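Coordinate analysis (summary)
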Amino acid sequence: MAQSEVTAQRAVAHHPALAHHFENLEQQREASTLGMWIFLITEIMFFGGLFLAYSIYRSWYPQVFAEASHHLDIVLGGVNTVVLITSSLTMALAVYHSQVGNQRKLILFLVLTLLLGLTFLGIKVVEYSHKFHDGLIPGIHFRYDGPNPQQAQIFFWLYFAMTGLHALHMIVGAGILSFLIYFAWRGKYSPEYHSPVELSGLYWHFVDIVWIFLFPLLYLVGFHVKG
Amino acid sequence: MSTAVIHTPAEAAKPRTTYLNAGYTLKSWLLTLDHKRIGILYLLGVSFFFLIGGIYATLIRLELLTPQGDLVSAQTYNKLFTQHGIMMVFFFLIPSIPAVFGNFLLPIMIGAKDVAFPRLNLLSWYIYMTGALFASYAMFAGGVDTGWTFYPPYSTNYANTYVIATGLGIFIAGFSSILTGLNFIVTIHTMRAPGMTWYRLPLFVWAHYATSLIQVLGTPVLAITLLLVALERTVGIGIFDPRLGGDPVLFQHLFWFYSHPAVYIMVLPAMGVVSEIIATFSRKPIFGYKFVAFSSLAIAVFGFLVWGHHMFTSSQSVYAGMIFSLISYAVAIPSAIKVFNWTATMYRGSISYDSPMLYAMGFIGLFLIGGLTGLFLAALGLDVHVHDTYFVVAHFHYVMVGGSLLAYLGAMHYWWPKMTGRLYPEGWARFAALVVFVGFNLTFFPQFILGYLGMPRRYHTYVPEFQLLHVLSTAGASILAVGLILPAIYLLWSLKRGPIAPADPWMATGLEWRTSSPPPPENFERTPVVTWNAYEFRPQEETEIIGPPSEPDVSKRN
């Protein structure tokens, strides 16, 4: 049987988390960390296309972008920024406690991170529904009173594309956190083996950093360019 | 029968476990984590979509036999060349060498048991198949006629075909390319055997490292671009629509930012294959190893800085055009380094003209023509004359078919004994290589002349004076088809009837030849320790086959 072959190969491993094709946990950790970093680079390139489009259209229509950005809710955006930065702190603490093997604190901080992430998404839903009521959904439902409505529409599709893609990453991150909480509760992580927590932390910080760029570009641009 | 093996120890009598006989069930293949089996799965998928792309090409060439549009309608013709391009570029050429031979060989060449992320590797195959089936569905449901480049405003506002479904198929398949690249980079960094330093890596591995960088950095940009096209088509918010303040040229920038480097995704692995073959069949180490290694990286880096040369006639600033032209010329330097170093390797080597070597030599000649005509097209003035003509078509077919496909066939023959454990009939293989070379040149050389005389690409009908050249081209395509069907027949035949292959049928140097053919599931009986440089030819009696752990002590003392 093929199955028994595979299990026979696996039996050589010492730590239950060590995959058969690695020599030791150190090599496995090195590989997964590098893999995560490269994945994050692909994410930068993925968002990069939208950032490029943003740069071009903003340099073409600076006044319209400034005007349109005043339609975004800077208070909700600001609160979300604080929420997200705090969640990065709790994530970093969760990674620390996984390294020292403090299981209860690890679970606590993972849960806190998840709650903050969900808070962010909740506020985002409120913001999106406001935009819908104001008729600012490009293409589908767009009524804009200011000058140059078509160029403002470009601002709003960039807003929805960029924050929407970001929110999608937050949802994926929330899913990952749920898995981490479950496995942490089952006691799977130890000081010898905690890469999943560490790598998810990298991902979470990356998603935060994207927001750190999105917030000024979308919400604060109106204060930079004097209309 | 048991008396026949009386002199051998009891253990050696039972058949060796190889990656092929480790399991026979369908499940053992579809859920395998073995990089070699995943390579074979890719081989099946890639061959199938190559066949589909080839059928489209056949229909195109048949239509162009006469100046009138008599075989298919203009609309159908548009779909034929679009689907030919999409199938060949995204579902054959891009995955071909990396996903088949890279997957199979890269871990063995560096002395690893597998790639760093075997599950991601299997996932990448499923993603590839999903994307390819999605695109195939779109093609059979009604097809797509935008050209493989999806230029707006036609693709976003006017085309009345399955643009979104096809784009989604390419979008999905892109992630398989990203995962393969990611896996290779991590594997090369972290999984090398003891003693396998960077400068001992075979050039095939260096070439795949450079390819992977492009896959990882470029493909996400294509993904977001195709998403934007889909968004524009469904919602119509003016991303690429000048009437709404958008810019269609932005699409071209984003598209070519990936799709020009994608040309190097196709040709860099081919260059890696050629380096292996040239060294083996010249029985000399590659001349200027480090230059060849770093020229791969240089091509990958320069490749990201030349996308504007597709847009000389698309309202791009003439100053930007001058810079893009200059950098495009600069790509010729690392490419020439490779070609000169291969010929310098062959110089005074003891060359044997086995079929892989014939393909490799064909590659050098055809890539030379393809590359040099690329310089014609990178020249600002001349490009205006030959832009969107058959000159461009001939140029990129010389690089993609004359380059990548020939290297793919060369790799297929070179590593076939390793992958299957069988030898193929060498006489037939040499004959087929010759047929491919003749057929290819007869197909595409007349297209240079056609283009120079002004025949535009993607046209369904043409003026009668072009007919002779088109007939020559179609005749060449028929010969090329024979040259491609022949290997399919004798390679399949060899699976059952071919002689059993030894571990190292070519007296080559790489680690993949130091393990048995076909390799065991874990690639080596024990972890190899590398004490030699790449392409270090040694007397046959000194080369060691890495056997079970107990053997080496005995063999070393002898």
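A quick note: this is a predicted structure, and the numbers were derived from the prediction, not measured.

Moving on to the overall build of chain A. When its secondary structure is counted, chain A shows seven helices and two strands. Each helix (α) and strand (β) of chain A, taken in turn from the N terminus, gives the series α-α-α-α-α-β-β-α-α. The globule rule puts the C-alpha radius of gyration for 227 residues at 17 Å, and the 22 Å found for chain A is more than 25% above it. With respect to the principal axes defined by its C-alpha atoms, chain A has extents near 70 × 35 × 30 Å. In chain A, buried positions account for 33% of the 227 residues. In chain A, the proportion of contacts linking residues at least 24 apart, taken out of those at least 6 apart, comes to 76%.

A count of helices and strands for chain B gives 17 helices and zero strands. A compact globule built from 558 residues would reach a C-alpha radius of gyration of about 24 Å, and chain B, at 24 Å, matches this within 12%. Projected onto its principal axes, the C-alpha coordinates of chain B cover approximately 80 × 50 × 45 Å. Taking all 558 residues of chain B together, 56% fall into the buried category.

Residue and element names in this part refer to chain B. Residues with a pLDDT of 70 or more make up 94% of chain B, whose mean pLDDT is 93. Here residues 1–12 is a poorly scored stretch, pLDDT under 50, and it has two contacts once near neighbours within four places are set aside; other chains count. Note that residues 550–558 has pLDDT below 50 and, in this model, one contact with residues that lie over four places away or in other chains. As scored by the predictor, the complex reaches a pTM of 0.93 and an ipTM of 0.90.

A few words on the interface of chain B and chain A. Contacts between the two partners involve 35 residues from chain B, matched on the other side by 28 residues from chain A. Of all the elements in the fold, those that place two or more residues in the side of chain B that touches chain A are α7 (163–190), α8 (203–235) and α9 (248–282) of chain B. For the side of chain B that touches chain A, the leading source of residues is α8(B), giving eight residues. A class-by-class count of the residues in the side of chain B that touches chain A yields 21 nonpolar, ten polar and four charged.

A few words on unusual backbone geometry. Residue and element names in this part refer to chain B. A cis amide bond, omega 5 degrees, links P152 with the succeeding residue P153. By the element assignment, P153 lies in the loop between α5 (118–141) and α6 (154–158). The amide bond that connects S517 to the next residue, P518, takes the cis arrangement and shows omega of -15 degrees. With respect to the helices and strands, the residue P518 is situated in the loop between α16 (467–497) and α17 (551–557). The phi angle at F150 is positive, at roughly 55 degrees, despite the residue not being glycine.

Right, let's talk about the confidence of the model for chain A for a bit. Reading predicted coordinates in detail is not appropriate for stretches of low pLDDT. Per-residue confidence for chain A gives a mean pLDDT of 90, with 93% of residues at or over 70. Overall, residues 1–13 of chain A carries pLDDT values under 50, and its contacts beyond four positions in sequence, including any with other chains, amount to twelve contacts.

What follows covers the environment of B:H310. Its location among the elements puts B:H310 in the loop between α10 (289–303) and α11 (318–346). Assessed through the 22 C-beta atoms surrounding it within 10 Å, B:H310 is described here as buried.

Below, the discussion takes up the nonpolar core. Counting 216 residues, the largest nonpolar core has A:L158, B:I110, B:V274 and B:A407 as its most contacted members. Excluding residues within four positions of it along the chain, A:L158 makes contact with A:L50, A:A53, A:Y54 and A:Y57.

On to the packing of α11(B) against helix α12 (residues 355–378) of chain B, then. Residues and elements named next belong to chain B. Relative to each other, α11 and α12 sit at 165 degrees, their axes nearing to 10 Å. In terms of orientation, α11 and α12 fall into the roughly antiparallel class. In this structure, α11 meets α12 at a crossing whose hand is left-handed. On α12, the residues that touch S325, S328, Y329, A332, S335, V339 and W342 of α11 are I364, L368, G371, L375 and A378. For the contact of α11 with α12, the class distribution of residues is eight nonpolar, four polar and no charged.

Another aspect to go through is helix α3 (residues 62–69) of chain A. Along α3(A), the positions that sit buried rather than exposed are A:V64, A:F65, A:E67, A:A68 and A:S69. On the buried face of α3(A), the contacting elements are α2 (25–60), α6 (149–185) and α7 (195–224) of chain A.

The next subject is the packing of helix α4 (residues 74–109) of chain B against α8(B). All names here are of chain B. Their axes nearest at 10 Å, the elements α4 and α8 cross at an angle of 125 degrees. As summarised for this structure, α4 and α8 are arranged oblique, according to the angle between their axes. Remark: the crossing between α4 and α8 carries left-handed chirality. Counted together, P98, G102, L105, L106 and M109 of α4 and F204, V205, H208 and T211 of α8 form the full contact between these two elements. For the contact of α4 with α8, the per-class residue count stands at six nonpolar, three polar and no charged.

This part is about the environment of B:I110. Residue and element names in this part refer to chain B. Mapped onto the elements of the fold, I110 is located in the loop between α4 and α5. Judged by local crowding, I110 falls into the buried class, with 22 C-beta atoms found within 10 Å. Sequence separation between I110 and V392 is 282 residues; the distance between their C-alpha atoms is 38 Å. Residues contacting I110, with those up to four places away along its chain left out, are I188, M191, R192, A193, M196, L201 and V205.

When you line up the elements, B:T461 lands in the loop between α15 (426–453) and α16. Counting along the chain gives 156 residues from B:T461 to B:L305, while the straight-line C-alpha distance between them is 36 Å.

Procedures and definitions
- Each chain has its residues counted from 1, following the order in which its sequence is written.
- By the order in which they are written, chains take letters starting at A while ligands take numbers starting at 1.
- With pLDDT at 70 or above as the cut-off, local features in this predicted model cover only qualifying residues; side-chain atom pairs require 80 or more to be listed or tallied, and sums for whole chains, interfaces and linings still use all residues.
- Only runs of H or I of at least four residues qualify as helices and only runs of E of at least two qualify as strands under DSSP, and these elements are numbered from the N terminus.
- C-alpha atoms define the radius of gyration, and 2.2 Å times the number of residues to the power 0.38 defines the globule rule.
- With C-beta atoms placed from the backbone, a residue counts as buried when 20 or more other C-beta atoms lie within 10 Å of its own, as exposed when 12 or fewer do, and as partly exposed for counts between those limits.
- Residues are scored as being in contact if the C-beta atoms we place from backbone atoms lie within 7 Å.
- Per-residue confidence from the prediction method is given by pLDDT, with values spanning 0 to 100.
- In the scheme used here, Gly and all other residues not listed as nonpolar or charged are polar, with Ala, Val, Leu, Ile, Met, Phe, Trp, Tyr, Cys and Pro taken as nonpolar and Asp, Glu, Lys and Arg as charged.
- We call a set of buried Ala, Val, Leu, Ile, Met, Phe, Trp, Tyr and Cys residues a nonpolar core when their C-beta atoms link them within 7 Å.
- In this description, a line fitted to the C-alpha atoms serves as the axis of each element, helices being fitted only across the stretch in contact, and the angle between N-to-C directions of two axes falls anywhere from 0 to 180 degrees.
- An angle counts as roughly parallel when it lies under 35 degrees, as roughly antiparallel when it exceeds 145, as roughly perpendicular when it falls between 65 and 115, and as oblique in every other case.
- By definition, turning the near helix anticlockwise from the far helix through less than a right angle yields a left-handed crossing, and turning it clockwise yields a right-handed one.

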